[in-house]
Amino acid sequence: MNDNHVRYFKVLYERPNIRAAAQAIPLSRQGLLKSIDALERELGVTLFENIKGDLCLPTPYGDAFYEFACDCEAAGSRLKMRFREIEDARNNHLSLCAAIGVRGTIGTELFTSFKKSHPNVMIDCDEQPDAHCDESIHAGESMLAFTVYPYDPDFETTELYSCDRLAWVSASDPLAQRESICIDDLNGYSVGLVGPSFKNYPEFSRLCQETGVQPAEIETFAEMSILYAYACNPKHLSFTAPCVVSLFDGLFGNQEAPVKAIPFVGTPWRFGISYKKDHSLNSLEYEFIEHCKQYAKKLVPQN
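The protein has the name DNA-binding transcriptional regulator, LysR family in an unreviewed UniProt entry, where Denitrobacterium detoxificans is given as its organism. UniProt's Sequence similarities (unreviewed entry) comment on the protein is quoted here verbatim: "Belongs to the LysR transcriptional regulatory family."

See below:
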């Protein structure tokens, strides 16, 4: 059975519109129809019924085949993960990813100190947005990861660090005179965040809904320099991390910076080292996690 046929079927099942599914793959509309037709001929059943135009609905055979497709995808991920485990163990190799911002907080000494006691170990640590980092573990692309809170329930996570999240506000804004800021202070403020791939975005949206706070707008930007400039405006605020703040404040020397970083209480920034619960740690991975736990004691603060 052609893997692409199965993958295309799954996309169409989840988006029961031929044109929309073809764009998501991406593939031509005709190419998608040919793929589904070939799959139906191979299976000897009708998987979809055309309702009107591009709209289609799965038949009971389609429902059954979708379960099979999901099982195949999960089995493929487990197999890739197992292959990676075997390869890493044979090659004395640690495959890691880290949510953006974590390596800046940890620094380089974590890795160099581990390599002193394990000189033949090769460590790869790829930085990714929070959500992508979690996906990397699920897909078996990384066996271990520095993930940020809230932690995936499918992961075994040892928390290493926690601190107040920081908010940038204009130095002339009344909030800049406060020792801390909370969600209730943000009614009517324009708020800048790094985007849906980072967990701060859904967490902040959830907090607004729970408290009834209504920001004037919520905007997303990929670059910290843009978030910094955004906070220079009146009634604007953007979120940042402690490891970033010193980089920007250092640009102004003895002059007062145009924005101030104020602790934002209620949504601490926390990270830990994670792996899938069904992953059996090899000895090298276990030693690295223990090393991280000891190293984390040097990191301040812990809320």
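A.B. asks: Go over the overall build of the protein with me, naming the residues and quoting the values.
C.D. replies: Within the protein, the secondary structure is distributed over eleven helices and ten strands. Taking the principal axes of the C-alpha coordinates as reference, the protein spans close to 75 × 55 × 30 Å. For the protein, the proportion of its 303 residues judged to be buried stands at 44%. Surface exposure of the protein reaches about 15800 Å², of which carbon and sulfur atoms provide 51%. Here the protein holds 28 positive side-chain charges and 42 negative ones, and the gap between their average locations is 3 Å.

A.B. asks: Talk me through the nonpolar core; I want residue IDs and the actual numbers.
C.D. replies: What tends to happen in soluble globular proteins is that the nonpolar side chains get buried as a cluster. Of all hydrophobic cores here, the largest spans 29 residues; its most connected members are F146, F271 and F288. Mapped onto this core, the elements with two or more residues apiece are β3 (93-99), α5 (102-106), α6 (109-117), β4 (122-128), β5 (144-148), β6 (155-170), β10 (259-276) and α11 (283-296). Looking at this core element by element, the count peaks at six residues for α11. V6, A21, F65 and Y66 belong to the second largest nonpolar core, which has 19 residues in total.

A.B. asks: Pulling in residues and values, what's your account of the sheet that holds β6?
C.D. replies: Sheets are built from strands that pair by backbone hydrogen bonding, the pairs being arranged parallel or antiparallel. Read from one edge of the open sheet, eight strands run β4-β3-β5-β10-β6-β9-β7-β8, paired in mixed fashion. Either end of the sheet is taken by a strand with one partner, and the two such strands are β4 and β8 (217-220). The average undirected angle you get between the axes of adjacent strands in this sheet is 20°. Across the sheet, helix α7 (residues 130-138) is in contact with β3, β4, β5, β6 and β10; its angle to β5 comes to roughly 150°. Its contacts with the sheet place helix α8 (residues 200-211) against β6, β7 (190-193), β8, β9 (236-240) and β10, and it is angled at close to 150° to β7.

A.B. asks: Just give me the short version of the confidence of the model for the protein, but keep the residues and values in it.
C.D. replies: For the protein, per-residue confidence averages 89 on the pLDDT scale, and 95% of positions sit at 70 or higher. Within the protein, the lowest mean pLDDT, 77, falls on helix α10 (residues 242-249), and the highest, 96, falls on β5.

A.B. asks: If you had to explain the domain arrangement of the protein to someone new, which residues and values would you point to?
C.D. replies: Under the domain assignment, the protein is made up of domain 1 (3-86) and domain 2 (94-297). Computed from C-alpha atoms alone, the centre-to-centre distance between domain 1 and domain 2 is 36 Å. Taken together, the five residues of domain 1 in the interface contact ten residues of domain 2. Between domain 1 and domain 2, roughly 640 Å² of surface is buried when both sides are summed, and carbon and sulfur atoms account for 54% of that area.

A.B. asks: Explain the packing of aromatic side chains to me, and be specific about the residues and the numbers.
C.D. replies: Enumeration according to the criterion identifies 19 aromatic pairs in this entry. For the pair F9 and F48, a centre-to-centre distance of 5.4 Å together with 50° between the ring planes defines the contact as tilted. Separated by 39 residues along the polypeptide, F9 in helix α1 (residues 3-14) and F48 in strand β1 (residues 48-52) bring together distant segments of the chain. Since its relative accessible area comes to 11%, F48 is described here as buried. On the basis of an interplanar angle of 10° and a centroid distance of 4.0 Å, the ring pair of Y13 and Y66 is categorised as stacked.

A.B. asks: Residue-level account of the packing of α6 against α11, with values.
C.D. replies: Running from amino to carboxyl end, α6 crosses α11 at an angle of 130°, the nearest separation of the two axes being 11 Å. With respect to their mutual orientation, α6 and α11 come out oblique. Handedness of the α6/α11 crossing: right-handed. Seen from α6, the contacting residues are E109, L110, F111, S113 and F114; seen from α11, they are L284, E287, F288, H291, C292 and Y295. Along the lines of polarity and charge, the residues of the contact of α6 with α11 split into seven nonpolar, two polar and two charged.

A.B. asks: Before we move on, can you summarise unusual backbone geometry with the specific residues and values?
C.D. replies: In this structure, P26 follows I25 across a cis peptide bond, with omega equal to -10°. In this model, Y149 is joined to P150 through a cis peptide bond whose omega is 5°. Among the secondary structure elements, P150 is positioned in the loop between β5 and β6. The backbone phi angle of K235 is positive, close to 60°, even though this residue is not glycine. Topologically, K235 is positioned in the loop between α9 (224-230) and β9.

Analysis parameters
Residues numbered from 1 in each chain as written. Predicted model: local features only at pLDDT ≥ 70, side-chain atom pairs only at ≥ 80, totals over all residues. Heavy atoms only, no water. UniProt positions renumbered as here; feature names shortened; annotations may be inferred. Helix = DSSP H or I, 4+ residues; strand = E, 2+ residues; numbered from the N terminus. Buried < 20%, exposed > 50% of the residue type's maximum accessible area, 1.4 Å probe, protein only. Areas by Shrake-Rupley, 256 points an atom, 1.4 Å probe, with all protein chains shown as cover. Lys, Arg positive; Asp, Glu negative; His and termini not counted. Charge placed at Lys NZ, Arg CZ, Asp CG, Glu CD. Core = buried A, V, L, I, M, F, W, Y, C linked by side-chain atoms within 4.5 Å. Pairing = 2+ DSSP bridges. Axes fitted to C-alpha atoms, helices over the stretch in contact; angles between N-to-C directions. Contact = heavy atoms within 4.5 Å. pLDDT = per-residue confidence, 0-100. Domains from an automatic or database assignment. Buried area = accessible area lost by both parts, 1.4 Å probe. Phe/Tyr/Trp six-rings, centres within 6.5 Å; stacked < 30°, edge-to-face > 60°. Parallel < 35°, antiparallel > 145°, perpendicular 65-115°, else oblique. Left-handed = near helix turned anticlockwise from the far one by under 90°. Nonpolar A, V, L, I, M, F, W, Y, C, P; charged D, E, K, R; others polar.

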